[in-house]
Amino acid sequence: MANLIDGRAIAEKVYVDLRREIAELKSNGITPGLAVVLVGDNPASRAYIRSKDKMSRELGLHSVKLELPASTTQSELLARVEELNRDPAIHGILVQSPPPKQIDETAIVQALDPRKDVDGFHPANVAKLVSAAADGFVPCTPLGIQRLLVESKIGISGAHVVILGRSMIVGKPLALLLMQKNKNADATVTVAHSRSRNLEEITRSADILIAAIGRANFVKSGHVRDGAVIVDVGINRIEDATNERGYRLVGDVAFDEVAKKAAAITPVPGGVGPMTIAMLMSNTVKACRQLL
Ligand code: NDP
(Lines give C-alpha, C1' and ligand atoms only; values in the text may rest on other atoms or scores of the structure.)
Protein backbone atom coordinates (compact mmCIF):
# COMPACT_ATOMS: atom_id res chain seq x y z
CA MET A 1 0.00 0.00 0.00
CA ALA A 2 1.30 3.43 -0.97
CA ASN A 3 2.56 6.05 1.46
CA LEU A 4 0.15 8.94 1.74
CA ILE A 5 1.65 12.33 0.84
CA ASP A 6 0.02 14.64 3.36
CA GLY A 7 -0.41 18.03 1.67
CA ARG A 8 -1.91 19.63 4.78
CA ALA A 9 1.09 18.70 6.93
CA ILE A 10 3.57 19.91 4.31
CA ALA A 11 1.62 23.16 3.86
CA GLU A 12 1.85 23.63 7.65
CA LYS A 13 5.65 23.41 7.36
CA VAL A 14 5.57 26.11 4.70
CA TYR A 15 3.49 28.30 7.03
CA VAL A 16 6.00 27.92 9.87
CA ASP A 17 8.67 29.49 7.64
CA LEU A 18 6.28 32.09 6.26
CA ARG A 19 5.14 33.19 9.73
CA ARG A 20 8.76 33.85 10.64
CA GLU A 21 9.32 35.90 7.46
CA ILE A 22 6.10 37.85 7.94
CA ALA A 23 7.00 38.65 11.57
CA GLU A 24 10.37 39.95 10.40
CA LEU A 25 8.75 42.17 7.75
CA LYS A 26 6.22 43.46 10.28
CA SER A 27 8.96 44.32 12.75
CA ASN A 28 10.21 46.65 10.00
CA GLY A 29 6.77 48.18 9.61
CA ILE A 30 5.85 46.24 6.45
CA THR A 31 2.75 44.07 6.09
CA PRO A 32 2.48 41.99 2.91
CA GLY A 33 -0.89 42.61 1.24
CA LEU A 34 -2.92 40.30 -0.99
CA ALA A 35 -6.03 41.25 -2.99
CA VAL A 36 -8.31 38.52 -4.29
CA VAL A 37 -10.94 39.54 -6.82
CA LEU A 38 -14.02 37.52 -7.71
CA VAL A 39 -16.43 38.55 -10.46
CA GLY A 40 -19.80 36.79 -10.26
CA ASP A 41 -21.03 34.09 -7.95
CA ASN A 42 -19.60 30.78 -9.13
CA PRO A 43 -19.85 28.68 -5.92
CA ALA A 44 -16.52 26.87 -6.38
CA SER A 45 -14.72 30.18 -7.08
CA ARG A 46 -16.35 31.77 -4.06
CA ALA A 47 -15.16 28.89 -1.87
CA TYR A 48 -11.62 29.25 -3.27
CA ILE A 49 -11.38 32.98 -2.61
CA ARG A 50 -12.82 32.55 0.89
CA SER A 51 -10.14 30.06 1.81
CA LYS A 52 -7.42 32.27 0.31
CA ASP A 53 -8.70 35.30 2.25
CA LYS A 54 -9.00 33.24 5.45
CA MET A 55 -5.44 31.96 5.19
CA SER A 56 -4.10 35.49 4.48
CA ARG A 57 -5.78 36.72 7.64
CA GLU A 58 -4.55 33.79 9.71
CA LEU A 59 -1.00 34.61 8.67
CA GLY A 60 -1.51 38.28 9.53
CA LEU A 61 -1.33 39.56 5.97
CA HIS A 62 -3.28 42.60 4.84
CA SER A 63 -6.10 40.88 2.96
CA VAL A 64 -8.54 42.54 0.57
CA LYS A 65 -11.42 40.49 -0.83
CA LEU A 66 -13.28 42.18 -3.69
CA GLU A 67 -16.52 40.48 -4.69
CA LEU A 68 -17.89 42.17 -7.80
CA PRO A 69 -21.30 41.49 -9.37
CA ALA A 70 -21.63 39.13 -12.36
CA SER A 71 -22.66 42.17 -14.44
CA THR A 72 -19.25 43.88 -13.98
CA THR A 73 -17.94 45.14 -17.32
CA GLN A 74 -14.46 44.70 -18.72
CA SER A 75 -13.62 48.39 -18.21
CA GLU A 76 -14.94 48.37 -14.62
CA LEU A 77 -12.77 45.36 -13.81
CA LEU A 78 -9.74 46.92 -15.53
CA ALA A 79 -10.25 50.05 -13.42
CA ARG A 80 -10.23 47.96 -10.21
CA VAL A 81 -7.08 46.15 -11.33
CA GLU A 82 -5.43 49.52 -12.02
CA GLU A 83 -6.34 50.73 -8.51
CA LEU A 84 -4.78 47.62 -6.99
CA ASN A 85 -1.69 47.97 -9.21
CA ARG A 86 -1.21 51.48 -7.76
CA ASP A 87 -2.07 50.61 -4.14
CA PRO A 88 1.20 50.48 -2.13
CA ALA A 89 -0.44 48.30 0.58
CA ILE A 90 -1.12 45.56 -1.99
CA HIS A 91 1.78 43.36 -3.13
CA GLY A 92 -0.13 40.47 -4.68
CA ILE A 93 -3.24 40.49 -6.87
CA LEU A 94 -5.28 37.49 -7.94
CA VAL A 95 -8.33 37.59 -10.19
CA GLN A 96 -10.19 34.32 -9.69
CA SER A 97 -10.79 32.25 -12.81
CA PRO A 98 -13.12 31.70 -14.65
CA PRO A 99 -14.68 35.18 -15.03
CA PRO A 100 -18.13 35.71 -16.60
CA LYS A 101 -18.40 35.64 -20.41
CA GLN A 102 -18.22 39.40 -21.01
CA ILE A 103 -14.73 39.51 -19.46
CA ASP A 104 -11.65 38.93 -21.60
CA GLU A 105 -9.45 37.07 -19.14
CA THR A 106 -6.27 37.44 -21.18
CA ALA A 107 -6.62 41.23 -21.22
CA ILE A 108 -7.16 41.27 -17.45
CA VAL A 109 -4.07 39.17 -16.80
CA GLN A 110 -2.04 41.45 -19.08
CA ALA A 111 -3.27 44.50 -17.17
CA LEU A 112 -1.83 43.19 -13.89
CA ASP A 113 1.45 44.66 -12.73
CA PRO A 114 3.70 41.61 -13.31
CA ARG A 115 5.49 42.37 -10.04
CA LYS A 116 2.17 41.76 -8.24
CA ASP A 117 1.07 38.80 -10.39
CA VAL A 118 1.28 36.16 -7.65
CA ASP A 119 -0.64 33.65 -9.80
CA GLY A 120 2.17 33.77 -12.35
CA PHE A 121 -0.08 34.04 -15.42
CA HIS A 122 1.20 37.35 -16.85
CA PRO A 123 3.27 36.83 -20.05
CA ALA A 124 6.28 38.44 -18.34
CA ASN A 125 6.17 35.76 -15.64
CA VAL A 126 5.59 32.96 -18.15
CA ALA A 127 8.75 34.14 -19.93
CA LYS A 128 10.62 34.16 -16.62
CA LEU A 129 9.54 30.57 -15.98
CA VAL A 130 10.82 29.54 -19.41
CA SER A 131 14.16 31.23 -18.75
CA ALA A 132 14.26 30.17 -15.06
CA ALA A 133 14.62 33.77 -13.81
CA ALA A 134 14.50 33.67 -10.02
CA ASP A 135 12.47 36.86 -9.58
CA GLY A 136 9.48 35.60 -11.60
CA PHE A 137 6.29 34.11 -10.23
CA VAL A 138 5.54 30.45 -10.91
CA PRO A 139 1.84 29.46 -10.86
CA CYS A 140 0.85 28.21 -7.40
CA THR A 141 -0.30 24.68 -8.21
CA PRO A 142 2.86 23.62 -10.10
CA LEU A 143 5.01 25.29 -7.45
CA GLY A 144 3.09 23.43 -4.73
CA ILE A 145 3.50 20.10 -6.49
CA GLN A 146 7.26 20.57 -6.76
CA ARG A 147 7.42 21.48 -3.07
CA LEU A 148 5.32 18.42 -2.12
CA LEU A 149 7.73 16.14 -3.96
CA VAL A 150 10.84 17.82 -2.55
CA GLU A 151 9.54 17.80 1.04
CA SER A 152 8.51 14.13 0.64
CA LYS A 153 12.09 13.37 -0.50
CA ILE A 154 10.90 11.99 -3.82
CA GLY A 155 13.76 12.26 -6.29
CA ILE A 156 12.76 14.40 -9.26
CA SER A 157 16.22 14.65 -10.80
CA GLY A 158 16.54 12.17 -13.67
CA ALA A 159 13.05 10.78 -13.09
CA HIS A 160 10.56 10.33 -15.89
CA VAL A 161 7.65 12.60 -14.99
CA VAL A 162 4.46 12.14 -17.00
CA ILE A 163 1.96 15.00 -16.74
CA LEU A 164 -1.61 14.36 -17.85
CA GLY A 165 -3.06 17.70 -18.98
CA ARG A 166 -1.58 20.71 -20.78
CA SER A 167 -3.44 23.70 -19.33
CA MET A 168 -1.77 27.08 -18.75
CA ILE A 169 -2.60 26.76 -15.05
CA VAL A 170 -1.17 23.32 -14.31
CA GLY A 171 0.25 21.09 -17.06
CA LYS A 172 2.34 23.52 -19.10
CA PRO A 173 3.96 25.50 -16.28
CA LEU A 174 4.56 22.28 -14.34
CA ALA A 175 6.40 20.76 -17.30
CA LEU A 176 8.57 23.89 -17.58
CA LEU A 177 9.27 23.89 -13.86
CA LEU A 178 10.24 20.24 -13.55
CA MET A 179 12.51 20.28 -16.61
CA GLN A 180 14.53 23.23 -15.30
CA LYS A 181 18.20 22.68 -14.72
CA ASN A 182 18.47 22.50 -10.94
CA LYS A 183 18.49 19.93 -8.17
CA ASN A 184 14.77 20.23 -7.43
CA ALA A 185 13.92 19.55 -11.07
CA ASP A 186 16.10 17.98 -13.80
CA ALA A 187 13.26 15.63 -14.74
CA THR A 188 12.60 14.04 -18.10
CA VAL A 189 9.10 15.33 -18.74
CA THR A 190 6.37 13.96 -20.98
CA VAL A 191 3.11 15.89 -21.35
CA ALA A 192 0.05 13.91 -22.45
CA HIS A 193 -3.43 15.21 -23.29
CA SER A 194 -6.74 14.22 -24.83
CA ARG A 195 -5.20 13.60 -28.25
CA SER A 196 -2.33 11.44 -26.99
CA ARG A 197 -2.21 7.96 -28.50
CA ASN A 198 -1.45 4.89 -26.36
CA LEU A 199 -2.03 6.80 -23.16
CA GLU A 200 -1.67 3.80 -20.84
CA GLU A 201 1.68 2.95 -22.38
CA ILE A 202 2.90 6.51 -21.74
CA THR A 203 1.61 6.72 -18.19
CA ARG A 204 2.98 3.28 -17.29
CA SER A 205 6.46 4.50 -18.16
CA ALA A 206 6.25 7.23 -15.48
CA ASP A 207 8.31 7.22 -12.30
CA ILE A 208 6.13 10.15 -11.22
CA LEU A 209 2.64 10.46 -12.73
CA ILE A 210 0.82 13.77 -12.27
CA ALA A 211 -2.85 13.84 -13.24
CA ALA A 212 -4.43 17.23 -14.00
CA ILE A 213 -7.30 16.57 -16.39
CA GLY A 214 -10.51 17.20 -14.45
CA ARG A 215 -12.01 13.71 -15.03
CA ALA A 216 -13.18 11.93 -11.89
CA ASN A 217 -11.31 8.68 -11.16
CA PHE A 218 -9.88 8.55 -14.71
CA VAL A 219 -6.46 7.10 -13.85
CA LYS A 220 -6.84 3.39 -13.08
CA SER A 221 -4.34 0.79 -11.91
CA GLY A 222 -3.71 -0.12 -15.57
CA HIS A 223 -2.22 3.35 -16.12
CA VAL A 224 0.34 2.93 -13.37
CA ARG A 225 3.48 0.85 -12.94
CA ASP A 226 4.34 -0.79 -9.61
CA GLY A 227 6.19 1.61 -7.33
CA ALA A 228 5.32 4.84 -9.15
CA VAL A 229 4.62 8.10 -7.32
CA ILE A 230 1.17 9.52 -8.07
CA VAL A 231 0.17 13.18 -7.72
CA ASP A 232 -3.54 13.83 -8.14
CA VAL A 233 -4.34 17.45 -9.00
CA GLY A 234 -7.97 16.91 -10.00
CA ILE A 235 -10.86 18.35 -8.04
CA ASN A 236 -14.13 16.87 -9.30
CA ARG A 237 -17.58 17.01 -7.75
CA ILE A 238 -19.50 13.76 -7.91
CA GLU A 239 -23.02 13.19 -6.67
CA ASP A 240 -23.24 11.63 -3.25
CA ALA A 241 -26.62 11.37 -1.57
CA THR A 242 -25.01 10.31 1.72
CA ASN A 243 -23.22 13.65 1.93
CA GLU A 244 -25.19 16.61 3.32
CA ARG A 245 -24.03 18.81 0.42
CA GLY A 246 -25.26 16.18 -2.06
CA TYR A 247 -21.79 15.78 -3.57
CA ARG A 248 -18.24 14.94 -2.63
CA LEU A 249 -14.86 15.82 -4.08
CA VAL A 250 -12.73 13.22 -5.83
CA GLY A 251 -9.53 13.45 -7.81
CA ASP A 252 -8.56 12.34 -11.31
CA VAL A 253 -7.13 9.11 -9.88
CA ALA A 254 -9.13 6.05 -8.79
CA PHE A 255 -7.47 6.25 -5.40
CA ASP A 256 -8.21 2.82 -3.89
CA GLU A 257 -6.99 0.70 -6.78
CA VAL A 258 -4.02 2.92 -7.68
CA ALA A 259 -2.83 3.20 -4.06
CA LYS A 260 -2.32 -0.60 -4.04
CA LYS A 261 0.32 -0.29 -6.78
CA ALA A 262 1.93 3.07 -6.08
CA ALA A 263 4.86 3.82 -3.78
CA ALA A 264 3.33 7.13 -2.74
CA ILE A 265 0.14 9.01 -3.58
CA THR A 266 -1.56 12.33 -2.79
CA PRO A 267 -5.17 12.20 -1.53
CA VAL A 268 -8.06 14.43 -2.68
CA PRO A 269 -8.82 16.48 -0.68
CA GLY A 270 -5.72 17.10 1.42
CA GLY A 271 -3.00 16.72 -1.21
CA VAL A 272 -2.23 19.35 -3.83
CA GLY A 273 -5.06 21.74 -2.81
CA PRO A 274 -3.55 22.95 0.50
CA MET A 275 -0.16 23.40 -1.22
CA THR A 276 -1.70 25.67 -3.87
CA ILE A 277 -2.89 28.07 -1.18
CA ALA A 278 0.42 27.85 0.69
CA MET A 279 2.29 28.82 -2.49
CA LEU A 280 -0.04 31.76 -3.04
CA MET A 281 0.90 33.04 0.41
CA SER A 282 4.56 32.36 -0.29
CA ASN A 283 4.41 34.23 -3.63
CA THR A 284 2.74 37.18 -1.88
CA VAL A 285 5.56 37.43 0.66
CA LYS A 286 8.08 37.15 -2.19
CA ALA A 287 6.28 39.93 -4.11
CA CYS A 288 6.34 42.12 -1.01
CA ARG A 289 10.08 41.65 -0.53
CA GLN A 290 10.78 42.32 -4.20
CA LEU A 291 8.69 45.51 -4.19
CA LEU A 292 10.54 47.00 -1.20
P1 NDP B 1 -8.31 22.11 -18.05
O2 NDP B 1 -9.69 21.66 -18.34
O3 NDP B 1 -7.89 23.49 -18.41
O4 NDP B 1 -7.30 21.12 -18.79
C5 NDP B 1 -7.48 19.75 -18.76
C6 NDP B 1 -6.38 19.07 -19.54
O7 NDP B 1 -6.59 17.66 -19.44
C8 NDP B 1 -6.38 19.42 -21.03
O9 NDP B 1 -5.04 19.59 -21.46
C10 NDP B 1 -7.02 18.20 -21.68
O11 NDP B 1 -6.53 17.89 -22.95
C12 NDP B 1 -6.60 17.08 -20.74
N13 NDP B 1 -7.53 15.98 -20.80
C14 NDP B 1 -8.87 16.03 -20.63
N15 NDP B 1 -9.41 14.79 -20.76
C16 NDP B 1 -8.38 13.96 -21.01
C17 NDP B 1 -8.29 12.58 -21.24
N18 NDP B 1 -9.39 11.80 -21.26
N19 NDP B 1 -7.08 12.05 -21.46
C20 NDP B 1 -5.98 12.82 -21.48
N21 NDP B 1 -5.99 14.14 -21.25
C22 NDP B 1 -7.19 14.70 -21.03
O23 NDP B 1 -8.08 21.81 -16.54
P24 NDP B 1 -7.07 22.45 -15.43
O25 NDP B 1 -5.67 22.18 -15.78
O26 NDP B 1 -7.49 23.83 -15.10
O27 NDP B 1 -7.48 21.56 -14.17
C28 NDP B 1 -7.34 20.15 -14.17
C29 NDP B 1 -7.91 19.61 -12.88
O30 NDP B 1 -7.14 20.08 -11.79
C31 NDP B 1 -9.35 20.03 -12.58
O32 NDP B 1 -10.00 18.98 -11.92
C33 NDP B 1 -9.17 21.21 -11.65
O34 NDP B 1 -10.28 21.37 -10.80
C35 NDP B 1 -7.96 20.77 -10.88
N36 NDP B 1 -7.19 21.86 -10.29
C37 NDP B 1 -6.80 21.71 -9.00
C38 NDP B 1 -6.04 22.66 -8.38
C39 NDP B 1 -5.61 22.44 -6.98
O40 NDP B 1 -5.21 23.37 -6.33
N41 NDP B 1 -5.63 21.21 -6.49
C42 NDP B 1 -5.66 23.90 -9.07
C43 NDP B 1 -6.03 23.93 -10.47
C44 NDP B 1 -6.79 22.94 -11.05
P45 NDP B 1 -6.75 18.88 -24.23
O46 NDP B 1 -5.77 19.99 -24.01
O47 NDP B 1 -6.39 18.01 -25.39
O48 NDP B 1 -8.17 19.32 -24.19
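Up top is the structure.
About the thresholds
Residues numbered from 1 in each chain as written. Predicted model: local features only at pLDDT ≥ 70, side-chain atom pairs only at ≥ 80, totals over all residues. Heavy atoms only, no water. Helix = DSSP H or I, 4+ residues; strand = E, 2+ residues; numbered from the N terminus. Buried < 20%, exposed > 50% of the residue type's maximum accessible area, 1.4 Å probe, protein only. Polar contact = N/O pair within 3.5 Å; in protein donor to acceptor, adjacent residues only side chain to side chain. Contact = heavy atoms within 4.5 Å. Near = heavy atom within 4 Å. Areas by Shrake-Rupley, 256 points an atom, 1.4 Å probe, with all protein chains shown as cover. Nonpolar A, V, L, I, M, F, W, Y, C, P; charged D, E, K, R; others polar.

Visitor: Sorry if this is basic, but what is going on with the side chain of Asn 125 here?
Guide: Looking at the secondary structure, you find Asn 125 in helix H5 (residues 123–130). Looking at Asn 125, the relative accessible area reads 3%, which means it is buried. Of note is the side chain of Asn 125, whose polar atom sits 3.1 Å from the backbone oxygen of Pro 114. Ignoring sequence-local partners within four residues, the contact set of Asn 125 consists of Pro 114, Asp 117, Gly 120, Gly 136 and Phe 137.

Visitor: Honestly, the environment of Ala 287 in this entry has me stumped. Any pointers?
Guide: Within the secondary structure, Ala 287 sits in helix H10 (residues 272–291). Separated by 150 residues in the primary sequence, Ala 287 and Phe 137 place their C-alpha atoms 8.4 Å from one another. Residue contacts for Ala 287: discarding those within four places in its chain leaves His 91, Arg 115, Val 118 and Phe 137.

Visitor: Could you clarify how one ought to interpret the site of the ligand in this entry?
Guide: Around the ligand sit 20 residues, and of these Arg 166, Ser 167, Ser 194, Ile 235 and Thr 276 come closest. Contacts to the ligand include Arg 215, whose side-chain N or O atom sits 3.4 Å from a nitrogen atom. Notes on the ligand: free accessible area 930 Å², of which the protein chains cover 72%. Looking at which element gives the most residues to the shell around the ligand, the answer is H10, with three residues. For the shell around the ligand, the residue count by class is eight nonpolar, ten polar and two charged.

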